[in-house]
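# Residue-level structure breakdown
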Amino acid sequence: MVILCMESVSYIDLSGVYALKEAVTVLQDRNIKLLVTGLQAQPKDMLTEVRMIPYIIPEDALCRDFQSAIKTLSASPAPYHYPQKNEILIQA
């Protein structure tokens, strides 16, 4: 499980979109679930415009904040678990 915290990202350009797409593709190839937290308006609009949302990053992977992501994990019927110290937490 990877939680990508985007609270501090107010702007993303195409180079950022391509870098994010590459990272998400690597995670998906390894069957690692991604949750994105705190996605602000411009980055969300950009990711939607290039169709990363919902085709690469599904709508249900978007959480308001980190606590919402944890609630999503605990409420999910899938075999989710809280991130452990050896798992990845990306803070942008």
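Relevant structure appears above.
This write-up is about the structure you can find in this document. (Residues numbered from 1 in each chain as written. Predicted model: local features only at pLDDT ≥ 70, side-chain atom pairs only at ≥ 80, totals over all residues. Heavy atoms only, no water.)

Here the focus is the overall build of the protein chain. For the protein chain, the count of helices and strands is four helices and four strands. The proportion of buried residues among the 92 residues of the protein chain is 34%. Long-range pairs, those at least 24 residues apart, make up 80% of the contacts in the protein chain between residues at least 6 apart in sequence. Looking at the protein chain as shown, the accessible area adds up to about 5900 Å², and 54% of this sits on carbon and sulfur atoms. (Helix = DSSP H or I, 4+ residues; strand = E, 2+ residues; numbered from the N terminus. Buried < 20%, exposed > 50% of the residue type's maximum accessible area, 1.4 Å probe, protein only. Contact = heavy atoms within 4.5 Å. Areas by Shrake-Rupley, 256 points an atom, 1.4 Å probe, with all protein chains shown as cover.)

Listed in full, the buried residues belonging to helix 2 (residues 41-49) are Pro 43, Met 46 and Leu 47. The buried residues of helix 2 all sit within an arc of 95° when viewed along its axis, so they share a single face. In helix 2, the exposed positions angled more than 90 degrees off the buried face are occupied by Ala 41, Asp 45 and Glu 49. In this structure, the buried side of helix 2 is in contact with helix 1 (14-29) and helix 3 (52-55). Positive phi shows up at Arg 51, right after helix 2, with a value of about 65°. (Arc of directions from axis to C-beta.)

Going residue by residue along strand 2 (residues 34-37), you find Leu 34 and Val 36 tucked away on one face and Leu 35 and Thr 37 tucked away on the opposite face as well. Here strand 1 (residues 2-5) pairs with strand 2 via four bridges, running parallel. The partner of Leu 4 across the bridge, within strand 2, is Val 36. Handedness of the crossover joining strand 1 and strand 2 through helix 1 is recorded here as right-handed. In the sheet, strand 2 pairs with strand 3 (residues 62-63) via two bridges, with the strands oriented parallel. Counted as the bridge partner of Thr 37 is Cys 63 from strand 3. (Pairing = 2+ DSSP bridges. Right-handed = clockwise from strand over helix to strand, strands pointing away.)

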